[in-house]
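# Fold and geometry: a report
Residue strings, one per chain:
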Amino acid sequence: MSDLSLRQRVAILIGLLVLVMIVVGTLEPIPQDPGYHLFADRREFLGIPNFNDVVSNIAFALVGVLGLFLIVGEGRRILFAESIDARPYSLFFIAVALVGVGSAYYHWAPSNERLFWDRLPMAIAFMAITSATVADRIDARAGNGWLLWLLLALGAASLIYWHWTESLGRGDLRFYALVQFYPMLALPVVIVLFPRHRYTLGRYLAWVIAWYALSKVLEHFDGEVFEILGHTVSGHTLKHLAAAVASLAVLQMLRASSRARVSL
C-alpha cells in the first residue's frame with residue numbers, strides 16, 4: 001500500500017463507506033424485534049429484576065471511570081503527546097460509563113423506550129473510537145475536531161431516527177446497524193492503508209474487534225448459553241462482560257503506546 005498516495009487511500013476508505021451505504025439503502029427497513037426484550041435469565045435477586053443482566057453493567061461503569069481517571073490531569077500528559085489527542089478518548093470513556101447506566105436502566109424493565117438509552121451511549125462510543133483512529137492515522141485536525149462532532153451527531157441521529165420510526169409503527173434500525181458495525185469493518189482497512197500511528201496499535205484494535213464480535217455472538221445465543229451453563233449465567237450477561245473487555249482493550253492500548261514512546 002506504500003505506493004498509494006494519501007488521496008488514493010482516502011478515496012478507498014470513502015468508496016468503502018459509499019458501498020456499505022448503498023447496500024444498507026437497498027435493504028428493507030429493519031424493525032425492532034419485540035422478542036429481543038425476552039432475555040433468557042429473568043431471575044430477580046435482592047429486589048432487582050433481571051439481576052444478572054442489570055448488575056453485569058457495572059463492568060462498563062468501572063472501565064469508563066477507570067479510563068477517565070487515567071486520562072485526566074497528569075495522566076493526560078503521560079498518555080498523549082498532545083493534549084487535544086485525548087478528546088475522542090475522553091468522550092469514548094464517558095460513553096462507556098454511560099453504557100453501564102443506560103443498559104442497567106433498560107434491563108431493569110426492557111422496552112423499546114428504555115432501549116434507546118441503552119444504545120445511545122453505545123453509538124457515541126463507536127463514533128468516538130472511530131474518530132480517534134482517524135485522528136491518529138489520517139488527520140489529527142479532523143479526527144479531534146469537526147469529524148468527531150459530525151460522527152457523534154450521526155450516531156445520535158441514527159438512534160433518534162430509529163425511535164421516531166418506531167413511534168410511527170414502522171421501525172427502522174438500518175442506520176443504527178451501520179453506526180454499530182461499519183467501524184468494525186472500517187478499522188482494519190484504516191490500519192492497513194494508514195500504518196503510521198502513535199496511539200492506535202493494531203494488535204489492540206484487533207482485540208477490541210474480537211471481543212466485541214464475541215459479545216455479539218453471546219448476545220445472539222443468549223438462551224443457548226444459559227442452557228449450556230446450567231442456568232447459572234446467560235449469553236447476554238456474558239455479552240456485557242465481553243463488550244466491557246473490548247472497552248478495556250482501548251485503555252490498555254493507550255497505556256502500551258505510552259510505554260512504547262517512553263522507551264524510544
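Remember, predicted model here, so these are calculated numbers, not experimental data.

### Looking at the overall build of the chain
When helices and strands are tallied, the chain shows 12 helices and 0 strands. Over its C-alpha trace the chain gives a radius of gyration of 19 Å, about what one expects of a compact globule, namely 18 Å for 264 residues. C-alpha atoms of the chain, sized along the principal axes, occupy 55 × 45 × 30 Å. Taking all 264 residues of the chain together, the buried fraction comes to 48%. The long-range fraction of contacts in the chain, counting pairs at least 24 apart against all pairs at least 6 apart in sequence, stands at 75%. Accessible surface, the chain as shown: approximately 13,300 Å² in total, 70% of it carbon and sulfur. Charge-centre separation for the chain: the mean point of 21 positive side chains lies 12 Å from the mean point of 19 negative side chains.

### Here's the deal with the environment of Leu205
With respect to the secondary-structure elements, Leu205 resides in helix α10 (residues 202-220). Sequence spacing of Leu205 and Met184 is 21 residues, and the spatial spacing of their C-alpha atoms is 9.4 Å.

### A few points about helix α9 (residues 174-193)
With 20 residues, α9 extends 27 Å between its outermost C-alpha atoms, agreeing within 8% with the 28 Å of an ideal straight helix rising 1.5 Å per residue. Taken as a whole, α9 carries its principal kink of about 35° at Phe181; the proline Pro183 stands between one and four residues after it. Regarding α9, the residues found buried are Arg174, Tyr176, Leu178, Val179, Gln180, Tyr182, Pro183, Met184, Ala186, Leu187, Val190 and Leu193. Tucked into the core, α9 has its buried residues touching α1 (6-26), α6 (112-137), α8 (146-167) and α10.

### Here we look at the pattern of salt bridges
For the coordinates displayed, the defined rule picks out 5 salt bridges. Note that Lys216 is salt-bridged to Glu219, the shortest N-O span being 2.6 Å. Taken together, the positions of Lys216 and Glu219, both in helix α10 and 3 residues apart, correspond to about one turn of that helix. In this structure, a network of salt bridges that share partners links the residues Lys216, Glu219 and Lys239.

### Concerning the nonpolar core
Counting 55 residues, the largest nonpolar core has Phe80, Tyr89, Phe92, Phe93 and Val250 as its most contacted members. Put simply, the parts of the chain that give this core at least two residues each are α3 (58-71), α5 (87-108), α6, α8, α9, α10 and α12 (235-263). With 12 residues, the single largest contributor to this core is α6. Apart from residues no more than four positions distant in its own chain, Phe93 is found in contact with Val63, Gly64, Gly67, Leu68, Ile71, Ser247, Val250, Leu251 and Leu254. Core analysis: the second largest hydrophobic core is formed by 6 residues, Val20, Leu178, Tyr182 and Ala186 among them.

### Section: the packing of α1 against α9
Viewed as axis vectors pointing N to C, α1 and α9 meet at an angle of 155°, and their least axial separation amounts to 11 Å. When the axes of α1 and α9 are compared, the pair comes out roughly antiparallel. Where α1 crosses over α9, the two elements pack in a sense that is right-handed. Note on element contacts: α9 touches α1 through Arg174, Leu178, Tyr182, Leu185, Ala186, Val189, Val190 and Leu193, opposite Arg9, Ile12, Leu13, Leu16, Leu17, Val20, Met21, Val24 and Gly25. By residue class, the composition of the contact of α1 with α9 is 14 nonpolar, 1 polar and 2 charged.

### Structural notes on the confidence of the model for the chain
Predicted coordinates in regions of low pLDDT should not be interpreted in detail. Chain-level pLDDT for the chain is 93 on average; 97% of the residues reach the 70-or-more range. Here helix α4 (residues 74-79) stands out as the least confident element of the chain, with mean pLDDT 74; helix α2 (residues 51-55) is the most confident, with 98.

### Some remarks on the side chain of Asn50
As for its position among the elements, Asn50 is in the loop between α1 and α2. A relative accessible area of 11% means that Asn50 is categorised as buried. In contact with Asn50, other than residues within four places in its own chain, are Asp41, Arg42, Arg43, Glu44, His107, Trp108 and Pro110.

### Digging into the packing of α5 against α6
Direction vectors running N to C along α5 and α6 enclose 160°, while the axes themselves pass 7 Å from each other. With respect to each other, α5 and α6 are oriented roughly antiparallel. Here α5 runs over α6; the crossing is left-handed. For the pair formed by α5 and α6, the contact residues are Pro88, Tyr89, Leu91, Phe92, Ala95, Leu98, Val99, Gly102, Ser103, Tyr105, Tyr106 and Trp108 on the first element and Arg114, Leu115, Trp117, Asp118, Pro121, Met122, Ile124, Ala125, Ala128, Ile129 and Ala132 on the second. Within the contact of α5 with α6, the residues separate by chemical class into 19 nonpolar, 2 polar and 2 charged.

Rules behind the numbers
Residues numbered from 1 in each chain as written. Predicted model: local features only at pLDDT ≥ 70, side-chain atom pairs only at ≥ 80, totals over all residues. Heavy atoms only, no water. Helix = DSSP H or I, 4+ residues; strand = E, 2+ residues; numbered from the N terminus. Rg over C-alpha atoms; globule rule 2.2 N^0.38 Å. Buried < 20%, exposed > 50% of the residue type's maximum accessible area, 1.4 Å probe, protein only. Contact = heavy atoms within 4.5 Å. Areas by Shrake-Rupley, 256 points an atom, 1.4 Å probe, with all protein chains shown as cover. Lys, Arg positive; Asp, Glu negative; His and termini not counted. Charge placed at Lys NZ, Arg CZ, Asp CG, Glu CD. Expected span 1.5 Å × (residues − 1). Bend = angle between axes of the 7 residues up to and from the residue. Salt bridge = Lys/Arg side-chain N within 4 Å of Asp/Glu carboxyl O. Core = buried A, V, L, I, M, F, W, Y, C linked by side-chain atoms within 4.5 Å. Axes fitted to C-alpha atoms, helices over the stretch in contact; angles between N-to-C directions. Parallel < 35°, antiparallel > 145°, perpendicular 65-115°, else oblique. Left-handed = near helix turned anticlockwise from the far one by under 90°. Nonpolar A, V, L, I, M, F, W, Y, C, P; charged D, E, K, R; others polar. pLDDT = per-residue confidence, 0-100.

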